[in-house]
Amino acid sequence: MAHSSRHPGRLRRAANWIGGGLLAAQLAAAGALVTFNAIKRRSRRPYRFPTSPVEQVASGEDEVSVFTFGRDLYAQMLADIASATRTVYFETFIWKSDEVGTQFRQALVDAAARGVEVYAIWDQFANLVVGPGFFAGLTGVHVRPHPLITPGLPSLRNLGRDHRKLLVVDSRVGYIGGYNIGSSYAERWRDTHARIVGPSVADLENAFVDKWNLRPYAGLPGRRTGEPLEMSGPLRWDGAIEVRRNVPRMAMYPIRNMYLEAIDRASKRIWMTQAYFIPDEDLMEALTKASARGVDVRIIMPAESNHVVADWLSRGYYERLLAKGVRLLLYQGAMVHAKTCTIDGAWSTIGTANIDRLSLLGNYEVNISIAGAPVATRLEEIFEIDSHNCIEVDPEAWRQRSLVAKFTETLLSPWRPLF
């Protein structure tokens with residue numbers, strides 16, 4: 001009996017050794033990938049990629065302009081802030097303290113100085129590398145940075161990051177999309193943002209107002225946080241544009257459901273652009289089933305993103321997608337950071353949410369869904385332009401990739417639920 005009682009302890013020790021060894025191997029692989037990627041970046045040539053002209057199209061009673069180049073977007077955003085007479089609502093995930101970031105800070109300060117009520121939200125965790133003096137310079141601006149950890153919540157919902165990017169000026173013009181604020185995004189990243197003029201701006205304003213009022217943020221020491229906000233006008237029920245918001249505080253994650261329902265309805269084509277593509281099983285099944293029933297499913301992803309580990313996690317899905325006829329297009333020469341999809345020339349989405357668990361089941365996100373051909377056609381045109389800057393993954397060549405690559409994908413696959 002004494003001899004047999006030692007077996008459970010041995011098994012536990014063996015399991016601990018195996019688990020520890022696996023974790024060490026995963027960390028070593030991730031570290032090697034990050035190091036190798038950093039060395040490659042040093043010798044990388046200047047970023048060059050095709051851009052699309054900004055064109056305004058109708059969406060019901062709204063006018064929508066789609067931006068795909070940061071310099072163009074920032075110039076229009078700054079012009080709209082400069083024209084503000086009543087309110088500016090500004091929210092971003094990353095806000096660099098570089099030339100572009102300083103331009104935005106000054107624009108907000110100038111607006112506040114001329115009597116405009118200016119409100120700003122940014123994510124503290126995403127901006128840990130930004131010196132506190134930068135945000136202290138937001139003179140006259142009401143501020144409520146999204147905290148590192150929100151106290152008082154009973155679950156992991158208090159860890160959700162504010163990954164949203166919104167701007168609403170005077171309740172008349174609104175912006176939503178993937179662009180953060182910083183000089184590197186102005187010319188070196190390929191992203192997508194929408195500018196909306198019309199009644200649907202009220203829904204974007206409501207998204208900001210609800211986030212501002214969600215909980216009593218402390219703001220910055222000695223700074224104005226502002227009173228609770230109220231909507232300037234009524235919301236509508238019948239617009240062509242709908243705002244979908246993930247709100248971890250309330251355990252609300254409608255963006256994932258939006259994608260699943262739209263993919264399920266597809267009969268002709270699904271053209272998707274995603275910065276980080278790490279889908280859960282339901283999304284994988286929805287896409288592969290769509291392809292199996294004859295839908296033209298294409299996904300543009302970065303050949304190399306700014307998160308090399310995310311790239312390798314994504315590659316673990318390639319073989320299954322390719323086997324079902326999904327076409328994978330790898331964007332060359334720049335980081336493609338867009339989060340868009342257009343289906344059947346009739347439905348589209350632009351927003352902040354990636355196809356990964358962090359966005360769809362973790363962070364604060366905002367996407368708009370747009371019904372109707374005009375915006376869908378515009379996004380298809382942009383997709384075609386982007387496709388010419390891609391290399392398509394060949395299924396047979398992918399199956400013949402090295403054993404080291406296959407092993408690395410398998411080794412890191414347990415990390416997928418964390419991304």
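Residues numbered from 1 in each chain as written. Predicted model: local features only at pLDDT ≥ 70, side-chain atom pairs only at ≥ 80, totals over all residues. Heavy atoms only, no water.

Trainee: Residue-level account of the overall build of the chain, with values.
Mentor: Assigned secondary structure in the chain consists of 14 helices and 18 strands. Classification of the 419 residues of the chain by burial places 55% in the buried group. Relative to all contacts within the chain whose residues are 6 or more apart in sequence, the contacts with residues 24 or more apart total 79%. When the accessible surface of the chain is totalled, it reaches about 18500 Å², and 58% of it is carbon and sulfur. (Helix = DSSP H or I, 4+ residues; strand = E, 2+ residues; numbered from the N terminus. Buried < 20%, exposed > 50% of the residue type's maximum accessible area, 1.4 Å probe, protein only. Contact = heavy atoms within 4.5 Å. Areas by Shrake-Rupley, 256 points an atom, 1.4 Å probe, with all protein chains shown as cover.)

Trainee: Tell me what's going on with the pattern of salt bridges, and back it up with residues and numbers.
Mentor: Applying the stated criterion to the full structure yields 21 salt bridges. One salt bridge connects Asp282 with Arg256, and the closest N-O pair in it is separated by 2.6 Å. Of this pair, Asp282 sits in helix α8 (residues 281-292) while Arg256 sits in helix α7 (residues 254-265); the two residues are 26 residues apart in sequence, bridging distant segments of the chain. Each of the salt bridges in this network shares a partner with another, and the network as a whole consists of Glu91, Asp162, Arg164 and Lys211. (Salt bridge = Lys/Arg side-chain N within 4 Å of Asp/Glu carboxyl O.)

Trainee: Residues and numbers for the nonpolar core, please.
Mentor: Counting residues in each nonpolar core, the largest one holds 79 residues, and the members touching the most others are Tyr74, Trp95, Phe104 and Ile270. Core analysis: the second largest hydrophobic core is formed by 26 residues, Val57, Leu166, Leu204 and Ile370 among them. (Core = buried A, V, L, I, M, F, W, Y, C linked by side-chain atoms within 4.5 Å.)

Trainee: Describe the pairing of strand β17 (residues 365-371), with residues and values.
Mentor: Across the seven residues of β17, six count as buried, placing the element largely inside the fold. Where strand β10 (residues 241-246) meets β17, six bridges bridge the pair, whose relative direction is antiparallel. For Arg244, the partnering residue across the bridge sits in β17 and is Asn367. Alignment of strand β16 (residues 347-351) against β17, held across five bridges, turns out to be antiparallel. Opposite Gly351, over in β17, you have Asn367 as the bridge partner. (Pairing = 2+ DSSP bridges.)

Trainee: Tell me about the sheet that holds strand β6 (residues 166-169), and please be specific about residues and values.
Mentor: Sheet architecture is open: eight strands sit in the order β1-β2-β9-β7-β6-β3-β4-β5, paired in mixed fashion. On the outer flanks of this sheet lie β1 (56-59) and β5 (142-143), each paired with one strand and no other. Pairing between strand β7 (residues 173-177) and strand β9 (residues 193-197): five bridges, direction antiparallel. Looking at β9, one finds that Gly177 is bridged to His193. Running at roughly 150° to β7, helix α2 (residues 70-82) makes contact with β2 (62-67), β3 (87-92), β6, β7 and β9 of the sheet. (Axes fitted to C-alpha atoms, helices over the stretch in contact; angles between N-to-C directions.)

Trainee: If you had to explain the confidence of the model for the chain to someone new, which residues and values would you point to?
Mentor: Per-residue confidence for the chain gives a mean pLDDT of 87; residues scoring 70 or more make up 79%. Considering only residues more than four positions removed or in separate chains, one finds that residues 1-5, a stretch of pLDDT under 50, has zero contacts. (pLDDT = per-residue confidence, 0-100.)

Trainee: Please give an account of α2 that cites residues and values.
Mentor: Its 13 residues place the ends of α2 18 Å apart at the C-alpha level, agreeing with the 18 Å of an ideal helix rising 1.5 Å per residue. Within α2, burial applies to Gly70, Leu73, Tyr74, Met77, Leu78, Asp80 and Ile81. Along the axis of α2, the buried residues cluster in a sector spanning 160°; they form a single face. (Expected span 1.5 Å × (residues − 1). Arc of directions from axis to C-beta.)

Trainee: Help me get a handle on a nonpolar patch on the surface, residues and values and all.
Mentor: On the surface, a nonpolar cluster with roughly 500 Å² of combined accessible area is contributed by Phe125, Leu128, Leu148, Ile149 and Leu159. Within the secondary structure, Ile149 is located in the loop between β5 and β6. According to the relative accessible area criterion, Ile149 is exposed, its value standing at 52%. (Patch = residues over 30% accessible without salt bridge, like charges linked within 9 Å, V, L, I, M, F, W, Y side chains within 5 Å.)

Trainee: With reference to specific residues and values, describe the environment of Gln106.
Mentor: Relative to the assigned elements, Gln106 resides in helix α3 (residues 99-113). Linking Gln106 and Leu138, residues 32 residues apart in sequence, is a C-alpha distance of 7.8 Å. Side chain to side chain, Gln106 and Asp110 meet in a polar contact 2.7 Å long. (Polar contact = N/O pair within 3.5 Å; in protein donor to acceptor, adjacent residues only side chain to side chain.)

Trainee: So what's going on with unusual backbone geometry? Residues and values would help.
Mentor: The residue Asp170 is not glycine, and still its phi comes out positive at about 55°. Along the chain, the position of Asp170 falls in the loop between β6 and β7. Since its relative accessible area comes to 7%, Asp170 is described here as buried. One non-glycine residue with positive phi stands out, namely Asp344, at about 60°. For Asp344, the location among the structural elements is in the loop between β15 (339-343) and β16.

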